[in-house]
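Working through the structure, step by step
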Amino acid sequence: MKKTKLFAVLLVLLLGSTLSAKSFDWSECWCNYGAGVEEGDFIINVDTGLYYTDMVYRQYDNFWFVPPVVVDVQYAKKIWKLPFTFGGYAGIHGYGFEYDHWDNVDYRWEKRATSSWGLFVGAEAAYHVKMPVEILDLYVASKMGFNIPFSKPDAYWVSDYFHFDEAIGANFFFTKNVGLNVEIGYPFTKVGVAIKF
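Everything numeric in this text was worked out from a predicted model, so none of it was measured.

Focus: the environment of Glu-134
- As for its position among the elements, Glu-134 is in the loop between β4 (108-130) and β5 (136-151).
- With a relative accessible area of 71%, Glu-134 lands in the exposed category.
- Residues Glu-134 and Gly-34, spaced 100 residues apart in sequence, show a C-alpha to C-alpha distance of 7.0 Å.

Structure (structure tokens):
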């Protein structure tokens, strides 16, 4: 049912794009923001989704994770004619699992539970493109940041203190200031609320 609804929404956007594309000036799409975003605007995204490095442990027993909560703050500033946003992001995530541990005292395997919580912070830059769909602001982003663990698991720790991310995303502004943010990339894929002012 969800796939059908998603397909219907994408079809409406595609048809809307096709119908309005005849009057759309494609020669200017590369040098304009979409969805009414203007130079000097701030865009705040509050999202949740997947942090892929947390999924490394999904094969262990009783694996659980808390989807990351991410807040992005971006400022729209053109360089020459190119529509960029610059800013930063911060968020929190956590996971846990059970694993087999060899006890050297009792000479037997035993189950142990472990978990990890972390904060991630970083900087980002995004290049925006205007498309025929009036509510759509499409962008490609590069991010560099750090994952700072509050607590490490007892075993099987994967070091991902530093990350460099690439993502493609879109803001759909259904009103002048409020919309939906969708971003697909690594290590984050996320969806949430976009606020522009």
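Next comes the rest of the description.
What about a nonpolar patch on the surface?
- Nonpolar side chains collect at one region of the surface, where Phe-42, Val-46, Val-71, Val-73, Tyr-75, Val-178, Val-193, Ile-195 and Phe-197 lie side by side and expose about 700 Å² of accessible area between them.
- Broken down by element, the nonpolar patch gets its largest block of residues, three residues, from strand β2 (residues 61-79).
- In this fold, Val-178 is placed in strand β7 (residues 178-186).
- Residue classification places Val-178 among the partly exposed positions, given a relative accessible area of 41%.

Thoughts on the packing of aromatic side chains
- A complete count under the given rule lists 17 aromatic pairs for this structure.
- Judged by centre distance (5.0 Å) and plane angle (50°), the rings of Phe-42 and Tyr-75 are tilted. Of this pair, Phe-42 sits in strand β1 (residues 42-51) while Tyr-75 sits in strand β2, and the two are 33 residues apart along the sequence.
- Between Tyr-51 and Phe-120, the aromatic rings sit 5.4 Å apart at their centres with planes inclined by 20°, giving stacked as the arrangement. You can see Tyr-51 sitting in strand β1 and its partner Phe-120 sitting in strand β4, a full 69 residues away along the chain. An identical accessibility class is assigned to Tyr-51 and Phe-120; each is buried.
- Site record: aromatic cluster; members linked through ring pairs are Tyr-51, Tyr-89, Phe-120 and Phe-188.
- Note that Lys-196 overlies the ring of Phe-173, its terminal NZ or CZ placed 5.3 Å from the centroid.

A few points about the sheet that holds β7
- The eight strands lie next to each other as β1-β2-β3-β4-β5-β6-β7-β8, forming a closed barrel whose pairing is antiparallel. Taking each pair of neighbouring strands and ignoring which way they run, the sheet shows an average axis angle of 25°.
- Pairing of strand β6 (residues 162-173) with β7, which is carried by eight bridges, proceeds in the antiparallel orientation. The residue of β7 that forms the bridge with Asn-171 is Asn-181.

Quick look at the pattern of salt bridges
- Within this structure, the stated rule accounts for 11 salt bridges.
- Across the salt bridge formed by Asp-47 and Lys-190, the nearest N and O atoms sit 2.7 Å from each other. Note that Asp-47 is positioned in strand β1 and Lys-190 in strand β8 (residues 188-196), a separation of 143 residues in sequence. Accessibility assignment for this pair places Asp-47 and Lys-190 in one class, buried.
- Note that Lys-143 is salt-bridged to Glu-183, the shortest N-O span being 2.6 Å.

Re the nonpolar core
- Grouped together as the largest cluster of nonpolar side chains are seven residues: Tyr-33, Ala-35, Val-37, Ile-43, Ala-76, Phe-173 and Ala-194.
- If we ignore the near neighbours within four places in the chain, the residues touching Val-37 are Ile-43, Ala-76, Asp-137, Phe-173 and Lys-196.
- Ranked by size, the runner-up nonpolar core spans five residues in total, among them Tyr-51, Tyr-89, Phe-120 and Phe-188.

A word on the pairing of β5
- Bridge count between β4 and β5: 14 bridges; the pairing is antiparallel. Opposite Gly-118, over in β5, you have Pro-149 as the bridge partner.
- Adjacent in sequence and paired antiparallel, β4 and β5 are bridged by five residues.
- Looking at chain direction, β5 and β6 are connected through 11 bridges and run antiparallel. Its bridge partner lying in β6, Ala-141 is registered against Ala-167.

Examining the environment of Lys-78
- In this structure, Lys-78 sits in strand β2.
- Using a relative accessible area of 25% as the deciding quantity, one classes Lys-78 as partly exposed.
- Along the primary structure Lys-78 and Cys-31 are separated by 47 residues, whereas in three dimensions their C-alpha atoms are 8.7 Å apart.
- Ignoring anything within four residues of it in the chain, the contact list for Lys-78 reads Cys-31, Asn-32, Tyr-33, Glu-39, Pro-83 and Phe-84.
- Within the structure, Lys-78 has its side chain in polar contact with the backbone oxygen of Cys-31 (distance 2.9 Å).

Conventions and cut-offs
Residues numbered from 1 in each chain as written. Predicted model: local features only at pLDDT ≥ 70, side-chain atom pairs only at ≥ 80, totals over all residues. Heavy atoms only, no water. Helix = DSSP H or I, 4+ residues; strand = E, 2+ residues; numbered from the N terminus. Buried < 20%, exposed > 50% of the residue type's maximum accessible area, 1.4 Å probe, protein only. Patch = residues over 30% accessible without salt bridge, like charges linked within 9 Å, V, L, I, M, F, W, Y side chains within 5 Å. Areas by Shrake-Rupley, 256 points an atom, 1.4 Å probe, with all protein chains shown as cover. Salt bridge = Lys/Arg side-chain N within 4 Å of Asp/Glu carboxyl O. Phe/Tyr/Trp six-rings, centres within 6.5 Å; stacked < 30°, edge-to-face > 60°. Lys NZ or Arg CZ within 6 Å of the ring centre and 35° of its normal. Pairing = 2+ DSSP bridges. Axes fitted to C-alpha atoms, helices over the stretch in contact; angles between N-to-C directions. Core = buried A, V, L, I, M, F, W, Y, C linked by side-chain atoms within 4.5 Å. Contact = heavy atoms within 4.5 Å. Polar contact = N/O pair within 3.5 Å; in protein donor to acceptor, adjacent residues only side chain to side chain.

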